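Structure at a glance
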Amino acid sequence: MILNLALIIVTLSTLLVAARVLRGPSWGDRIMAFDFLSVNLIVLIVLIAVKTRLLVLLDAALVLSLLGFLTTVALTRYLLTGRVMR
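The numbers attached to residues start from 1 for each chain and follow its sequence in the written order. Thresholds applied to this predicted model are a pLDDT of at least 70 for local features of residues and 80 or more for the giving and counting of side-chain atom pairs; totals over whole chains, interfaces and linings are not thresholded and use all residues. Just so you know, side-chain values use all the structure's heavy atoms and leave hydrogens and water out.

1. Here we look at unusual backbone geometry
Backbone phi values are negative for most residues with the exception of glycine, while trans is the configuration of most peptide bonds. The phi torsion at Arg-53 lies on the positive side, around 60°, for a residue other than glycine. Among the secondary structure elements, Arg-53 is positioned in the loop between α2 (27-52) and α3 (56-81). Residue Arg-53 is classed as exposed on the basis of its relative accessible area of 74%. Helix and strand labels come from DSSP, where a helix needs a run of H or I of at least four residues and a strand needs a run of E of at least two; each type is numbered from the N terminus. In this scheme, a residue with accessible area under 20% of its type's maximum is buried, one over 50% is exposed, and one in between is partly exposed, where area comes from a 1.4 Å probe on protein chains only.

2. Description of helix α1 (residues 2-23)
In a helix, the anticipated span is given by 1.5 Å times the number of residues less one. The terminal C-alpha atoms of α1 lie 32 Å apart, and with 22 residues this matches the ideal 32 Å at 1.5 Å per residue to within 8%. Among the residues of α1, Leu-7, Val-10, Thr-14 and Val-17 are the ones counted as buried. When α1 is viewed along its axis, its buried side chains cluster within an angular range of 100° and face the same direction. Pointing more than 90 degrees away from the buried face of α1 are the exposed residues Ile-9, Leu-12, Leu-15, Leu-16 and Arg-23. Where α1 is buried, its residues contact α2. Arc definition: directions from the helix axis to the C-beta atoms. Between two residues, a contact is recorded if the distance between any of their heavy atoms is within 4.5 Å.

3. Re the environment of Ile-2
Of note, Ile-2 is situated in helix α1. Exposure remark for Ile-2: the relative accessible area of 71% places this residue in the exposed category. Sequence spacing of Ile-2 and Thr-81 is 79 residues, and the spatial spacing of their C-alpha atoms is 45 Å.

4. Focus: the side chain of Thr-72
Among the structural elements, Thr-72 can be located in helix α3. With sequence-adjacent residues up to four places away left out, Thr-72 is seen in contact with Ile-31, Phe-34 and Asp-35.

5. Describing the packing of α1 against α2
In the contact formed by α1 and α2, the axes pass within 9 Å of each other and the chain directions differ by 160°. By the criterion of interaxial angle, the relationship of α1 to α2 is roughly antiparallel. Remark: the crossing between α1 and α2 carries left-handed chirality. Looking at the contact of α1 with α2, its residues break down into 18 nonpolar, 5 polar and 4 charged. Between N-to-C directions, angles span 0 to 180 degrees; the directions come from axes that are lines fitted to C-alpha atoms, helices contributing only their stretch in contact. Roughly parallel covers angles under 35 degrees, roughly antiparallel covers those over 145, roughly perpendicular covers 65 to 115, and oblique covers all other angles. Here is the rule for handedness: rotate from the far helix to the near one, and if that takes an anticlockwise turn smaller than a right angle the crossing is left-handed, while a clockwise turn gives right-handed. The nonpolar class holds Ala, Val, Leu, Ile, Met, Phe, Trp, Tyr, Cys and Pro. Asp, Glu, Lys and Arg form the charged class, and all remaining residues, Gly among them, are polar.

What follows is the structure, given as structure tokens:
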């Protein structure tokens, strides 16, 4: 029961954050919302992995966390300097 409640809450949070990514007033807000969206998706995948007992989903969550971090760093660097690489 608690796992189902957590899934519902995280799903609602993911939908609200996705709306913030789409209509954020500035690029900084959108990047921050995108970072939070990736964290929400990781939590959602982990909760589904716990519920279904599929350990493969934990590997997917790990890969998504690395991609989310690198994307956030790249977008922030592009926003600040105008380029990603030196």
